[in-house]
Amino acid sequence: DPSLFYSPTTNNLKAIGDGWEFCFTLFSEAYKVLTLHTGETLKLEKGKNLKQPAVIVEWGNDDTLTVYRKGGRTEVLFKLGDTSFYVPQSLTTDGYNYLYFSWIATPHIIDGKTYYQIKLQTVKDKLRTLINIDYTLAEEGAQPAKTPATLTYWPDDSVETLRYVLTIEDYALKSVKLADGIETKLEYL
């Protein structure tokens, strides 16, 4: 589900604007918090399994984390590079059909400390690429800093290809644009 959800307590971690995230499960090793695809959060320590009525979390010997949800949704998370974040590498809702994800982490050094943006790059099934995401960095010294992200659905099929451009200015998602001038603008108080 490539939907977005908003939380005013989240910074620009996913590079799509302050507070905005894709609806995928994420584990922060540093904060010991598992954020489920629904936005719910659970305290979790690395290496310790968790069993609750609606969710089961199991650590693998290969440092992966598997999250089982009631209803069949299963996400396998892996640690992304040098970050303290675990992101999905695969997802299934029925045990037969799988989605596979690729991610990159972009380091930013602020006051001598390294912070990462976690960027989803592609979503694939066993046959084709379903979504490709391109991120554009702001020009050095640009005011406002513009960092658009382009989401291309079915990029390998010219008949089905669909593109959304997320306009991000100074870390705030300002608009979502589809071809032919269809655009939703966002304003913040």
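Here the structure is shown first, and the text comes after it.
About the cut-offs
Within every chain, residues take consecutive numbers counted from 1 along the sequence as written. Reporting in this predicted model follows two pLDDT cut-offs: at least 70 for local features of residues, and 80 or more for side-chain atom pairs to be given and counted; totals over whole chains, interfaces and linings ignore these cut-offs and use all residues. With hydrogens and water excluded, all non-hydrogen atoms of the structure serve as input to the side-chain values. Cavities and pockets were defined on a 1 Å grid built over protein atoms only: a cavity is a set of grid points that admits a 1.4 Å probe from which the probe cannot escape, a pocket is an open set flanked by protein on both sides within 12 Å along at least five of seven lines, and lining residues are those with an atom within 4 Å of any such point. Grid points are joined across faces, edges and corners, and a volume is the space filled by probe spheres set on the points. Numbering of helices and strands runs from the N terminus, with a helix taken as a DSSP run of H or I at least four residues long and a strand as a DSSP run of E at least two residues long. Each residue gets one of three labels, nonpolar for Ala, Val, Leu, Ile, Met, Phe, Trp, Tyr, Cys and Pro, charged for Asp, Glu, Lys and Arg, and polar for the others, Gly among them. Remark: nonpolar core denotes a set of buried residues (Ala, Val, Leu, Ile, Met, Phe, Trp, Tyr, Cys) joined through side-chain atoms within 4.5 Å. Note on classification: 1.4 Å probe, protein chains only; a residue is buried when its accessible area is under 20% of the maximum for its type, exposed when over 50%, partly exposed between these limits. Here, two residues are considered to be in contact whenever any of their heavy atoms come within 4.5 Å of each other.

Asker: Give me the layout of surface pockets: which residues, what numbers.
Answerer: Left-over empty space is what a probe sized like a water molecule reveals as it rolls over the atoms. Here the largest pocket is characterised by a volume of approximately 1300 Å³. Along the walls of the largest pocket sit 42 residues, with Asn 11, Asn 12, Leu 13, Tyr 116 and Gln 117 positioned nearest its centre. Secondary-structure elements contributing two or more residues to the lining of the largest pocket are β3 (26-28), β4 (33-35), β11 (98-110) and β12 (113-124). At six residues, the largest contribution of residues to the lining of the largest pocket is made by β12. For the lining of the largest pocket, the residue count by class is 17 nonpolar, 18 polar and seven charged.

Asker: Describe in detail the nonpolar core, supporting the description with residues and values.
Answerer: If you look at the biggest cluster of nonpolar residues, it comprises 26 residues, and the most contacted ones within it are Ile 16, Phe 22, Trp 103, Leu 120 and Tyr 135. Of all elements in the fold, only β2 (20-22), β10 (85-92), β11, β12, β13 (129-135), β14 (149-153) and β15 (162-169) reach the threshold of two or more residues within this core. Aside from chain neighbours lying at most four places away, what touches Trp 103 is Phe 24, Phe 78, Leu 80, Val 87, Pro 88, Ile 118, Lys 119, Leu 120 and Gln 121. If you look at the next biggest cluster of nonpolar residues, it comprises 13 residues, including Val 55, Trp 59, Val 67 and Leu 77.

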